[in-house]
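Summary of the model geometry
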Amino acid sequence: MRTSNYLLSTLKETPSDAEVISHQLMLRAGMIRKLASGLYTWLPSGLKVLRKVEQIVREEMDKVGAIEVLMPVVQPADLWQESGRWEQFGPELLRIKDRHERPFLLGPTHEEVITELVRKEISSYKQLPINLYQVQTKFRDEVRPRFGVMRAREFTMKDAYSFHLTEACLESTYQKMHQAYCNIFDRLGLEYRPVLADTGSIGGSTSHEFHVLAESGEDAIVFSDSSEYAANIEKAEALAPQTERPAAQKSLAKVATPNKHTIEEVSNTLELSPNQVIKTLLVVGADEEGQESGVVALVLRGDHELNEVKAEKFPNVFSPLTFASDEAIKEAANCSAGSIGPINLSVPIIVDHSAAYLADFACGANEDGFHFTGVNWDRDIQGYQVADIRNVVEGDPSPCGNGVLNIKRGIEVGHIFQLGTKYSEAMKAGVLTETGKHETLTMGCYGIGVSRIVAAAIEQNHDKYGIKWPTAIAPFQVCILPMNMHKSHRIPDIANNLYQELQQAGCEVLFDDRKERPGVMFNDIELVGIPHVIVIGERNLDEGVVEYKNRQTGDKETIKIDEVVNFIQSKLTA
RNA sequence: CGGUGAUUAGCGCAGCUUGGUAGCGCACUUGGUUUGGGUCCAAGGGGUCGCAAGUUCGAAUCUUGCAUCACCGACCA
């Protein structure tokens, strides 16, 4: 490709609404342009990268026996009513109507459609197992789209769905897919980790997420420092203290804490450390049907954070987790937020293990401007349930029993689930077995955020000049930069020849034939991040050499003109 | 959804307080100059100032409503 026939579209200045580096660089390097909130046009360079990621994903899917299909973006509502998700999904499901007023939706995922397909096409155990995948546009009407294509509303995803007769068969495919995912991220050249994960709204049992490690990641992932254990913080279990709770020493006392609401204010006033104070959070409760009903108190140590995912799992806690309104707090605790405590609180109380381990602690007095000190469980508070409802923190013991936990940030780029029969049962997808018995199918589902990977790769591979693509997904592998070609009678021939030879050798090469100053060309190419650069200038031609520059390492060397093609090929296959 | 802020040329911004014929930098066009790291000089094109209503002789500027965009947001119990 010649730049004169291409749309390079680089920007000198950083658009003001881009916060994360990948978003800034994708705009500046001319990869994407925003059309509306969370909606992006892919420009030629961006699309090339996207296609390469897709291609690697396809090749690895095909290798483990998955078969490609393509399902519609627009899906009929009745399928989602059948699975129950029409009601279950919130406003992030974009619902639309056609000209006949029939309800449809823009697919955020395709479990329903694939299950509908499979229940019609698969009727015998002999056709199992089967693993179908697609690379398709998804739409999720995110509350807050941000970070460019990292959290866009419309995005490209590879989603695969496997169907089995037995759990064991599902487990086997799940392991193959796990390995395929590792192969994909290895080939992409990214630093990543598979971690144990919560299954969220998709449902199911076993689940792993694949995270690309990056400071800007939206997820916290925890690792054991001395084992293979890794999990999303949503999922990571906080172990209960192993020793006996200390005995009560102090007696209960009510102290005035006017206008002290936060844990920090209260602990400073009482001259206690935050881990000797507990906080009591009131959330909306749930009745037996899962409908909103009353409030529930969640009690945590002052220095700990609530884990919403864990809390939501309690049947008497409303899901999604919702904090009680000021009026509901007033009614339940007879005070305002900031002074709530579990003493004489007549709502269900769930206490985190580490809060339940405290003795002689402080808590709100359910009276504005007052706290209790010297509080002790059982002596002062009865009728509570103890559970794990907090986020783990660095230094906690690992749930696997070995080592302590570290926390890093990650970008979720893949997620695999063992779904079980959630959809196949709701949608009656089954086959006849060898004995002629009807059996419900067991499902797995496996997603990869293809467009998100592009952004994640940049988060991990950039410097102050721009993007440093891993060769596997660079928009071009090689760039030819002729210095002042328009003023030279030797350079045009050499550059053109090299361009043709490299193309014939199968290289993806960008030939910068613009009539630009060298500085402009260098800066653009470094911004775009092409890994291998050949600089052709008059000053080297007398020796019959050109300069090679590596974008990743910054290394330069001179190469004889007639050896360039071999040299580049060796770099690309290395 | 709540809070805050923004919306003026393709991009980044000033002008608004104190109403009076719309500016700067980058980009773009033309000519010259320069030529291995975002040259310099000159000339030029491009904006119903987000939309709608109001106040006024006169509104980018003041008022109201709407729209769009961005940032922050349970951790306070």
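Residues numbered from 1 in each chain as written. Chains lettered and ligands numbered in written order. Predicted model: local features only at pLDDT ≥ 70, side-chain atom pairs only at ≥ 80, totals over all residues. Heavy atoms only, no water.

- Per an unreviewed UniProt entry, chain A goes by Proline--tRNA ligase and derives from Catenovulum maritimum.
- Listed under Subcellular location (unreviewed entry) in UniProt, the entry text for chain A is "Cytoplasm".
- As recorded by UniProt, the Sequence similarities (unreviewed entry) comment attached to chain A reads in full: "Belongs to the class-II aminoacyl-tRNA synthetase family. ProS type 1 subfamily." (UniProt positions renumbered as here; feature names shortened; annotations may be inferred.)

Here we look at the packing of aromatic side chains
- Within the structure shown, the criterion is met by 10 aromatic pairs.
- Seen from their ring centres, Phe-185 and Tyr-192 are 5.4 Å apart, and the 40° between their planes marks the pair as tilted. Each member of the pair, Phe-185 together with Tyr-192, is buried.
- Summarising the aromatic geometry, the rings of Phe-361 and Trp-377 are spaced 5.2 Å apart at their centres and angled 35° between planes, so their arrangement reads as tilted. Of the two residues, Phe-361 is situated in strand 17 (residues 361–364) and Trp-377 in the loop between strand 18 (370–375) and strand 19 (385–387); the sequence distance between them amounts to 16 residues. Comparing Phe-361 with Trp-377 shows no difference in burial state: the two are buried.
- Ring pairs connect the aromatic residues Tyr-181, Phe-185, Tyr-192 and Phe-210, which therefore count as one cluster.
- Sitting over the face of the ring of Trp-86, Arg-95 holds its NZ or CZ atom 4.7 Å from the ring centroid.
- A cation over a ring is seen here: Lys-408 above Phe-223, with NZ or CZ 5.5 Å from the ring centre. (Phe/Tyr/Trp six-rings, centres within 6.5 Å; stacked < 30°, edge-to-face > 60°. Buried < 20%, exposed > 50% of the residue type's maximum accessible area, 1.4 Å probe, protein only. Helix = DSSP H or I, 4+ residues; strand = E, 2+ residues; numbered from the N terminus. Lys NZ or Arg CZ within 6 Å of the ring centre and 35° of its normal.)

What to know about the domain arrangement of chain A
- Splitting chain A by domain gives domain 1 (46–237 + 407–458), domain 2 (253–391) and domain 3 (478–573).
- Inter-centroid distance (C-alpha atoms) of domain 1 to domain 2 is 37 Å.
- Taken together, the 6 residues of domain 1 in the interface contact 6 residues of domain 2.
- The three residues of domain 1 that bury the most area against domain 2 are Asp-198, Ile-233 and Glu-234, which together make up 75% of that side's buried surface.
- Here domain 1 is connected to domain 2 by 1 salt bridge.
- Across the pair Asp-198 and Lys-313 runs a salt bridge whose closest N-O atoms are separated by 2.6 Å.
- Where domain 1 meets domain 2, there are 4 residue pairs in polar contact (both at pLDDT 80 or more).
- Each residue belonging to the side of domain 1 that touches domain 2 can be placed in one class, and the counts come to 2 nonpolar, no polar and 4 charged. (Domains from an automatic or database assignment. Contact = heavy atoms within 4.5 Å. Buried area = accessible area lost by both parts, 1.4 Å probe. Salt bridge = Lys/Arg side-chain N within 4 Å of Asp/Glu carboxyl O. Polar contact = N/O pair within 3.5 Å; in protein donor to acceptor, adjacent residues only side chain to side chain. Nonpolar A, V, L, I, M, F, W, Y, C, P; charged D, E, K, R; others polar.)

Concerning the nonpolar core
- Met-31, Met-61, Tyr-181, Phe-185, Leu-188 and Trp-469 are the most contacted members of the largest nonpolar core, which totals 67 residues.
- Here this core takes 9 residues from helix 6 (residues 167–188), the largest share from any one element.
- Non-local contacts of Trp-469, meaning those with residues more than four positions away in its chain, are made with Met-31, Val-49, Val-454, Ala-457, Ile-458, Ala-474, Pro-475, Val-528, Gly-529, Pro-531 and Gln-552.
- Core analysis: the next-biggest nonpolar cluster, separate from the first, contains 26 residues, Met-71, Trp-86, Val-118 and Val-431 among them. (Core = buried A, V, L, I, M, F, W, Y, C linked by side-chain atoms within 4.5 Å.)

Concerning the environment of Glu-563
- For Glu-563, the position within the fold is in the loop between strand 30 (556–560) and helix 16 (564–573).
- When its relative accessible area of 42% is taken as the criterion, Glu-563 is described as partly exposed.
- For the pair Glu-563 and Val-546, spaced 17 residues apart in the sequence, the C-alpha separation amounts to 9.9 Å.

Focus on the protein's contact with RNA strand B
- Taken together, 42 residues are adjacent to RNA strand B, and Arg-144, Thr-262, Ile-263, Phe-323 and Lys-487 come closest.
- When the atoms of RNA strand B within 4 Å of the protein are sorted by group, sugar and phosphate make up 47%.
- Take Arg-517: an N or O atom from its side chain is 2.7 Å from a base oxygen of RNA strand B.
- Residue Arg-539 places a side-chain N or O atom 2.3 Å away from a sugar or linking oxygen belonging to RNA strand B.
- Looking at side-chain class alone, the surface near RNA strand B contains 14 nonpolar, 12 polar and 16 charged residues. (Near = heavy atom within 4 Å.)

Looking at the sheet that holds strand 19
- What the 4 strands build is an open sheet, ordered 14-15-16-19; its pairing is mixed. If you trace the sheet from one side to the other, it starts and ends with strand 14 (278–286) and strand 19, each paired once. Across this sheet, the average inter-strand angle for adjacent strands is 30°, counted without regard to direction.
- Of the strand pairs in this sheet, strand 14 and strand 15 (residues 292–301) are connected by 8 bridges, and their pairing is antiparallel. Residue pairing in the sheet places Thr-280 in a bridge with Val-299 of strand 15. (Pairing = 2+ DSSP bridges. Axes fitted to C-alpha atoms, helices over the stretch in contact; angles between N-to-C directions.)

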